[in-house]
Amino acid sequence: MIWHQNTIELGPLPRGFHLVTNEILAQAPELTNCEVGLLNLFLQHTSASLAINENADPDVRRDLERHFSVMVPENTPYYEHNVEGPDDMPAHIKSVMIGPSLTIPISHGQLALGTWQGLYLCEHRDNAGGRKIVATLQGRW
């Protein structure tokens, strides 16, 4: 059993649900040597999240953003945490709802995702910086 860990860096993205499967794979080349294992991705931020969902139709990502913007609105008078702008507290709430981590099975050097599944970075801030993801791979080579 082998363990490998590295930090994946994603550049700044606008608010929304972004398909980042290829960017993550490009920064985790050791995955191709893993016959069977698990890849854990942990986002080191509190105003974004990670998810797995539709990888083909971009309408899904836009619909998710619209839904979360309605479900967790900005400028709500009962938010106390508002020093960093009207999008900050809603971003924290969305991050708690979706979560900061994913665990994906690895099979024959590839993510064992379904045909229509991809990895999302869910950016909940209007003007966020880059994001860091700790990638921990456990498996048999």
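So, a few notes on the structure that sits alongside this text. None of these values were measured; they are calculated from a predicted model.

### Some details on unusual backbone geometry
So, step 1. Here the phi dihedral of N75 falls at roughly 60°; this positive angle occurs in a residue that is not glycine.
So, step 2. By secondary structure assignment, the location of N75 is in the loop between helix 2 (58–71) and helix 3 (88–98).
So, step 3. Taking the relative accessible area as the measure of exposure, N75 reaches 61% and is therefore exposed.
So, step 4. The phi dihedral of H108 falls on the positive side, at around 55°, and the residue is not glycine.
So, step 5. Structurally, H108 is set in the loop between strand 5 (101–107) and strand 6 (110–111).

### Overview of helix 2
So, step 1. Between the first and last C-alpha of helix 2 there are 20 Å, a value that for 14 residues agrees with the 20 Å anticipated at 1.5 Å per step.
So, step 2. Within helix 2 the residues assigned to the buried category are R61, E65 and F68. Considered in projection along helix 2, the buried side chains sweep an arc of 70° and stay on one side of the axis.
So, step 3. The opening residue of helix 2, the one whose side-chain oxygen lies 2.9 Å from the backbone nitrogen of D59, is D57.

### Here we look at the side chain of N6
So, step 1. Here N6 shows up in strand 1 (residues 2–10).
So, step 2. You can call N6 buried: its relative accessible area is 18%.
So, step 3. Here Q27 takes part through its backbone oxygen, which lies 2.9 Å from a polar atom of the side chain of N6.
So, step 4. The residues touching N6, leaving out its near neighbours within four places in the chain, are Q27, E30, I133, V134 and A135.

### With respect to the environment of G37
So, step 1. With respect to the secondary-structure elements, G37 resides in strand 3 (residues 36–43).
So, step 2. G37 sits in the buried class, given a relative accessible area of 14%.
So, step 3. Separated by 73 residues in sequence, G37 and Q110 place their C-alpha atoms 9.8 Å apart.
So, step 4. What G37 contacts, discounting residues up to four positions off in sequence, is I104, P105, I106, Q138 and G139.

### A look at the pairing of strand 7 (residues 117–123)
Look at any regular strand and the pattern is simple: side chains alternate between the two faces of the sheet.
So, step 1. The element strand 7 is largely enclosed, with a buried count of six among its seven residues.
So, step 2. Across four bridges, the pairing between strand 2 (residues 16–19) and strand 7 is antiparallel. Looking across to strand 7, one finds that F17 is bridged to C122.

Criteria and thresholds
Residues numbered from 1 in each chain as written. Predicted model: local features only at pLDDT ≥ 70, side-chain atom pairs only at ≥ 80, totals over all residues. Heavy atoms only, no water. Helix = DSSP H or I, 4+ residues; strand = E, 2+ residues; numbered from the N terminus. Buried < 20%, exposed > 50% of the residue type's maximum accessible area, 1.4 Å probe, protein only. Expected span 1.5 Å × (residues − 1). Arc of directions from axis to C-beta. Polar contact = N/O pair within 3.5 Å; in protein donor to acceptor, adjacent residues only side chain to side chain. Contact = heavy atoms within 4.5 Å. Pairing = 2+ DSSP bridges.

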